[in-house]
Amino acid sequence: MEHRPQVILKGEPLRFEFTVGGRAHVVTVEGKPSDANVSVDGRDGRRLDWATIPGGVISMVVDGRSLTARVARRDGGLAVWVAGRRFDLETGAADDAVGGARHGGRASGSVKAPMPGTVVKVLVKEGDEVALGQSLVIVEAMKMENDVRAPVAGTVRKVTVAPGASVGTTEAMVEIEPAAETGAA
Amino acid sequence: MKKILIANRGEIAVRVARACRDAGIPAAAVYSDADRASLHVLEADEAVRIGPAPALESYLNVDAVIGAARTVGADAVHPGYGFLAENWQFARRCEDEGLTFIGPPSAALHLVGDKIRSRETMRGVGVPIIPGMLDAGGGDEACAAKAREMGYPVLVKASAGGGGKGMQVVRSAADLPNALATARRVAKSAFGDDTVYVEKLIERPRHVEFQVLADRHGNVVHLFERECSIQRRHQKIVEESPSTALTPELRARMGETAVKAAKACGYQNAGTVEFLLAEDRSFYFLEVNARIQVEHPVTELVTGVDLVREQILVASGRPLTLKQSDLAQRGHAIECRIYAEDPANDFLPSPGRILSLCEPAGPGVRHDCGIYEGWDVPVHYDPILSKLIVHAADRETARLRMLRALSDFVVLGIATTIDYLREIVASEPFAKGDTQTDFIEKHMAGRPAGAADAAALEAALVAGAIFLSAGSAPARAGGRRREQSPWDTLGAWSIGRRSS
């Protein structure tokens, strides 16, 4: 993800939008590093003195409290560690054309592996009726067997994997046609 | 010993390589295609490719590992833990090839690796054992009959197993067939042997194990206990020594039993005798772990003994210089295992690139690490990344030190269990030493892992905003471009400050 260089000018606050755990947040920053004003989600601004250090280290002194963050770019946004916690900040996901797969419409019945791995066992076949949460496929990754469960109740339309197959996180392993009442939702 | 081949990967291979080099012995690494750039390869004096990524074709491939030892001219092999560490045929092969296997003799390994036979041996010398199946290789019907006889709940275990792999709690007869099938499949994939057995489940026990060291001359000492009751999916995640549950009298009795157990199987080198400690303080032999354990640093910190160095010395035929009467526990040590798993997402494995890594440090903090910044955690192996171990004068000081160290520990790019471990160590039951093997289900269920406070989230959002806006820093007033040095960015900000 590219971010165009921006220059901080007094009177022109910079605005950043992030999504964390499905919730949208807005941060505005204005002023110079030694004397900035920062506001999160429209709350009262705080006085902030900040410095960046190569390697993604950001030192922030907020109302006298010293906080050190580490930030790294990751797919779709930033990974941030601060105050002993890790956060994934998504940036600009909404208008990102790369996320096209996500807008696949009928994606609800398309079951993908949650992580890359190897298929150990396929527990359903085409035509099977499955309940919500029923185990469909067991995928082994990092020596752990992981149950991949049905995200919707319905009928199995397609099974594209067999034991031993390597799977990624983008291609569907099982396609479920949602049952009528779920499908209508 | 002239050169040691380390038949393993990850943090333990790094740990062993360091012990070799501390002893002035060159260390040779082996690697699969997935591990060419792994830390254990970078840390070794020599390195040999042994095959493609799947462990069966590389780290579990006996011919390839023996071939690698020949290639580098090693005269000894350290197997680490997991992979071939407890494979008696591998140990035998080393013996036949004139290579020193840094572990027990193959006969002892064969005996203790067979949980059923080792139990018979223990019963023979009066070591208490848990009621369970004593005949090997039982089919599903035999397991079902035994379970019926003992009464549910029962535990299904892999005969060749270790580390809880393939182990299943079964609470009713209806669930037994599935549990047996899963256990056999996991055992087959992890150990190449699908033999399983059932035993009576002892509810709410503590897992207390004793470290032993034995030489070729009949000397056996124990180095006290480690309590490893905090487990997820039967995998230990927090270990400590001393145990809060032992009295000096019980400790002495269990230690003597551990030494007796090691002697009964003709054990040599470093090993661990595992016990279940029931609520009434009765204890039962579980198994002998015939290898260096993941959690060995806990013992190293409280006893001051370098166990891997002792392994090397004992394997080279030197008599133990440690005497039981000289050994003592000093202070308290706690270990947390850092896994590439996502606690917020049902502990799904989390392979991928490590974008940022900052290791905790300071007095009493040790980090046995198998990763580095920029490295891609592969999908093919166990998700353990590293181990964080702290030592302090007493348990509470060690606990607070662990909290501090976990808070200082930064891993970005992949999900890890760091936050989750901190919740455990910060919890009241842990602080009180109220640790049974059901700790996680009892005290951690329903706790949203890594539930973040609003202030930390706000700081993260601000940091993210600064990071993105600071991307603009080089855009300062076009014009001359100087050679960039790390000081430039710092300089830019201090100039900004002065001009204010």
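Residues numbered from 1 in each chain as written. Chains lettered and ligands numbered in written order. Predicted model: local features only at pLDDT ≥ 70, side-chain atom pairs only at ≥ 80, totals over all residues. Heavy atoms only, no water.

## Details of the overall build of chain A
A count of helices and strands for chain A gives one helix and 16 strands. Counted over contacts in chain A with a minimum sequence separation of 6, partners at least 24 positions apart contribute 37%. Of the roughly 10,000 Å² of accessible surface on chain A, 49% is carried by carbon and sulfur atoms. (Helix = DSSP H or I, 4+ residues; strand = E, 2+ residues; numbered from the N terminus. Contact = heavy atoms within 4.5 Å. Areas by Shrake-Rupley, 256 points an atom, 1.4 Å probe, with all protein chains shown as cover.)

## Side note on the nonpolar core
Residues and elements named next belong to chain B. Of all hydrophobic cores here, the largest spans 67 residues; its most connected members are Ile237, Val238, Leu406 and Ile424. Here this core gets six residues from one element, more than from any other, and that element is helix H1 (residues 10-22). With residues near it in sequence (within four places) discarded, isoleucine 237 still touches Ile230, Gln231, Arg232, Glu335, Cys336, Arg337, Tyr339, Tyr420, Leu421, Ile424 and Ile440. Judged by nonpolar contacts, the second largest core, of 55 residues, contains Ala53, Leu109, Val208 and Met254. (Core = buried A, V, L, I, M, F, W, Y, C linked by side-chain atoms within 4.5 Å. Buried < 20%, exposed > 50% of the residue type's maximum accessible area, 1.4 Å probe, protein only.)

## Things to note about the pairing of strand E2 (residues 27-32) of chain B
Residues and elements named next belong to chain B. By the criterion of burial, E2 is predominantly enclosed, with six of the six residues buried. Bridging between strand E1 (residues 4-6) and E2 involves three bridges; their strand directions are parallel. Looking at E2, one finds that leucine 5 is bridged to alanine 28. With H1 bridging E1 and its parallel neighbour E2, the resulting β-α-β unit is right-handed. The pairing of E2 with strand E3 (residues 46-51) spans five bridges and is parallel. Considered in E3, the bridge of tyrosine 31 is made with arginine 49. (Pairing = 2+ DSSP bridges. Right-handed = clockwise from strand over helix to strand, strands pointing away.)

## A look at helix H4 (residues 88-96) of chain B
Residues and elements named next belong to chain B. If you check which residues of H4 are buried, you get Phe90, Ala91 and Cys94. Burial along H4 is one-sided: seen end-on, the buried residues are contained in an arc of 100°. Near the N-terminus of H4, the side chain that reaches the backbone nitrogen of glutamine 89, with its oxygen 3.0 Å away, is that of asparagine 87. The positive-phi residue at the C-terminal boundary of H4 is glycine 98, with phi of around 75°. (Arc of directions from axis to C-beta. Polar contact = N/O pair within 3.5 Å; in protein donor to acceptor, adjacent residues only side chain to side chain.)

## Details of the packing of aromatic side chains
The geometry of an aromatic ring pair comes down to the distance between the two centres and the angle between the two planes. All names here are of chain B. This model, assessed by the stated rule, comprises eight aromatic pairs over all chains. Seen from their ring centres, phenylalanine 210 and phenylalanine 275 are 6.2 Å apart, and the 75° between their planes marks the pair as edge-to-face. Residue phenylalanine 210 is located in strand E9 (residues 206-214), and its partner phenylalanine 275 is located in strand E12 (residues 269-277); the two are separated by 65 residues in the primary sequence. Judged by relative accessible area, phenylalanine 210 falls into the buried class, the value being 0%. (Phe/Tyr/Trp six-rings, centres within 6.5 Å; stacked < 30°, edge-to-face > 60°.)

## Things to note about the interface of chain B and chain A
The interface is formed by 63 residues belonging to chain B together with 61 residues belonging to chain A. For the pair chain B and chain A, the two sides together bury roughly 5,300 Å², of which 70% comes from carbon and sulfur. If you sort the residues of chain B by the area they bury against chain A, B:Leu461, B:Phe467 and B:Leu468 come out on top, with a joint share of 13%. Between chain B and chain A we count five salt bridges in total. (Buried area = accessible area lost by both parts, 1.4 Å probe. Salt bridge = Lys/Arg side-chain N within 4 Å of Asp/Glu carboxyl O.)

## Concerning the pattern of salt bridges
Residues and elements named next belong to chain B. In total, this model carries 50 salt bridges over all chains according to the counting rule given. Arginine 395 is paired through a salt bridge with glutamate 240; the nearest N and O atoms lie 2.7 Å apart. Of the two residues, arginine 395 is situated in helix H12 (residues 395-408) and glutamate 240 in strand E11 (residues 235-241); the sequence distance between them amounts to 155 residues. Under the relative-accessibility criterion, arginine 395 is labelled buried at 12%. Residue classification places glutamate 240 among the buried positions, given a relative accessible area of 3%.

## Focus: the sheet that holds strand E14 (residues 154-159) of chain A
Backbone hydrogen bonds hold the strands of a sheet together, and the pairing may be parallel or antiparallel. Residues and elements named next belong to chain A. Here four strands make up an open sheet; going across it, the order is E9-E16-E14-E11 and the pairing antiparallel. In the strand order of this sheet, the two ends are held by strand E9 (110-112) and strand E11 (129-130), each with one partner. Pairing between E14 and strand E16 (residues 172-178): five bridges, direction antiparallel. Residue pairing for E16: threonine 155 is matched across the bridge by glutamate 177.

## Focus on the sheet that holds strand E6 (residues 154-158) of chain B
Residue and element names in this part refer to chain B. Across the sheet, three strands lie side by side as E7-E6-E8; this open sheet has antiparallel pairing. Each end of this open sheet is capped by a strand with a single partner; those strands are strand E7 (168-170) and strand E8 (196-200). Averaged over all neighbouring strand pairs, the angle between strand axes comes to 30°, with direction disregarded. Of the pairings in the sheet, the one linking E6 to E7 comprises three bridges and is antiparallel in character. Directly across from valine 154, in E7, lies its bridge partner valine 170. Sheet contacts for helix H8 (residues 176-191): E6, E7 and E8; angle to E6, the most-contacted strand, approximately 25°. (Axes fitted to C-alpha atoms, helices over the stretch in contact; angles between N-to-C directions.)

## What about the domain arrangement of chain B?
Residue and element names in this part refer to chain B. Considered domain by domain, chain B is made up of domain 1 (4-102), domain 2 (131-200) and domain 3 (206-444). Here domain 1 and domain 3 have C-alpha centroids that lie 23 Å from each other. Taking both sides of the interface into account, the surface hidden between domain 1 and domain 3 amounts to around 2,200 Å²; carbon and sulfur atoms contribute 60%. Put simply, domain 1 and domain 3 have four salt bridges between them. One salt bridge in this structure joins lysine 387 and glutamate 11, with 3.0 Å as the shortest N-O distance. Breaking the side of domain 1 that touches domain 3 down by element, the ones donating at least two residues are H1, helix H2 (39-43) and strand E5 (100-101). A per-element tally of the side of domain 1 that touches domain 3 places H1 first, with nine residues. Its residues placed into classes, the side of domain 1 that touches domain 3 shows 20 nonpolar, eight polar and six charged. (Domains from an automatic or database assignment. Nonpolar A, V, L, I, M, F, W, Y, C, P; charged D, E, K, R; others polar.)

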